[in-house]
Amino acid sequence: MKYPKRPYSSQEHIALLEERGLKIPSQERAERYLDNVGYFRLTGYMFHLQTTDGNHKFFTEASFDDVINLYQFDKKLRAIVIEYMERIEIAVKAKLTNKYSSRDGFFWYTKKELYADANIYMTVNEKIAKAFAQPQEGFLKAYKFKYPSEPSPPSNMALETLTLGNLSRLYKGLDNNEIKIEIATEFGLASSTLTSWLIYLTNVRNICAHHSRLWNKKITADRPSIPNRKNYKFNGTMTNDFNTTMYGVISIMNRLLLSFNPDNRFILKIEKLIAEYAIDTSFMGFPANWKTDAHWHKEKIVK
């Protein structure tokens, strides 16, 4: 079957939207967004304003301004998430380097006996070796120049070459020894739960990095486990779709952030942004009583 649609100009898209009942307060503004953001990307912020009968008709009073309001909210939401995701990633790198290096030396990651998964051992070391063979970072170039006989960089440099996805796999692949457990405990979790959370958050980070829609995304890949042990379980309202929605993402990130930076402003920024753009949080999987009973309002620092 051949794709039957033809390309539309921005003016044609505006006419189509108006035909479907969307109010366009400013033709100039609409054309500017369609020219520079694109119709396809903006449609992701329209579906909830349309009927579900297949006719794509907009509800009464639905406006292009509503679409742009949500688009701008989503862009700022991704920025906050990626900012604090970076802090979590850095904390994981620091804990791995500090703890394993103290016991097993700076080149601990090259020791196969520390891994429970041989494939992950090979994959992680291949990625580090590739980055070291043709270094882009100044610190790796300086290290190679000063220590030309060393085949690998030390952990504090090596882990800087890994993405959050690589880092998640590294942690997953390590043998579940006392250090791996100690790292998870410092995050207020069991090691198996921390593994699932890091892998899940990698998917969230990738959504942000590719500028994809986040606010109402159903993130179903690598669903995170929900701790049920008394010391680790979430307080507050638990939803059925917790491990596929932004409510779960925010709750998970908040738990991790509290463990090493209890005075962080992640939740304050999220709630301020929601209020600023008057967002219907039900599309983000929030419970109706989230302003008082969301997990982050009930969370305690778990140690």
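For clarity, every value in this text was computed on a predicted model and none was experimentally measured.

Procedures and definitions
- Residues numbered from 1 in each chain as written.
- Predicted model: local features only at pLDDT ≥ 70, side-chain atom pairs only at ≥ 80, totals over all residues.
- Heavy atoms only, no water.
- Axes fitted to C-alpha atoms, helices over the stretch in contact; angles between N-to-C directions.
- Helix = DSSP H or I, 4+ residues; strand = E, 2+ residues; numbered from the N terminus.
- Parallel < 35°, antiparallel > 145°, perpendicular 65-115°, else oblique.
- Contact = heavy atoms within 4.5 Å.
- Core = buried A, V, L, I, M, F, W, Y, C linked by side-chain atoms within 4.5 Å.
- Buried < 20%, exposed > 50% of the residue type's maximum accessible area, 1.4 Å probe, protein only.
- Salt bridge = Lys/Arg side-chain N within 4 Å of Asp/Glu carboxyl O.
- Phe/Tyr/Trp six-rings, centres within 6.5 Å; stacked < 30°, edge-to-face > 60°.

Asks: Quick rundown of the packing of helix H4 (residues 64-104) against helix H12 (residues 266-276)? Include the residues and the values.
Replies: Running from N to C, H4 and H12 cross one another at 180°; their axes reach a closest spacing of 11 Å. If you check the angle between H4 and H12, you find them roughly antiparallel. For the pair formed by H4 and H12, the contact residues are Phe73, Lys76, Leu77, Ile80, Glu83 and Tyr84 on the first element and Phe266, Lys269, Ile270, Leu273, Ile274 and Glu276 on the second.

Asks: Go over the nonpolar core, please, and point to the residues and values.
Replies: Within soluble globular proteins, side chains that are nonpolar generally end up buried alongside one another. Judged by nonpolar contacts, the single largest core of 85 residues is most densely connected at Phe73, Leu77, Leu96 and Leu170. Here this core gets 16 residues from one element, more than from any other, and that element is H4. Apart from the residues lying within four places of it in its own chain, the contact partners of Leu170 are Leu96, Trp108, Tyr115, Ile120, Val124, Leu159 and Leu162.

Asks: Outline the pattern of salt bridges, supporting the account with residue identities and numerical values.
Replies: For the structure shown, the criterion picks out 15 salt bridges. With a shortest N-O distance of 3.0 Å, Lys218 and Asp241 are connected by a salt bridge. On the criterion of sequence distance, the pair formed by Lys218 in the loop between helix H10 (191-209) and helix H11 (246-260) and Asp241 in the loop between H10 and H11 is long-range, its members being 23 residues apart. Look at Asp241 and you get partly exposed, because its relative accessible area is 25%. When salt bridges with common partners are traced through the structure, they connect Lys95, Lys99, Glu182 and Glu186 into a single cluster.

Asks: Help me get a handle on the packing of aromatic side chains, residues and values and all.
Replies: All told, the structure shown has 18 aromatic pairs when counted by the stated rule. Relative to Tyr71, the ring of Tyr45 lies with its centre 5.7 Å away and its plane at 80°, an arrangement referred to as edge-to-face. Here Tyr45 is found in the loop between helix H3 (39-43) and H4, whereas its partner Tyr71 is found in helix H4, with 26 residues between them in sequence. We classify Tyr45 as buried; its relative accessible area is 2%. Relative to Trp108, the ring of Tyr100 lies with its centre 4.6 Å away and its plane at 20°, an arrangement referred to as stacked. On the basis of relative accessibility, which here comes to 0%, the residue Tyr100 falls in the buried class.

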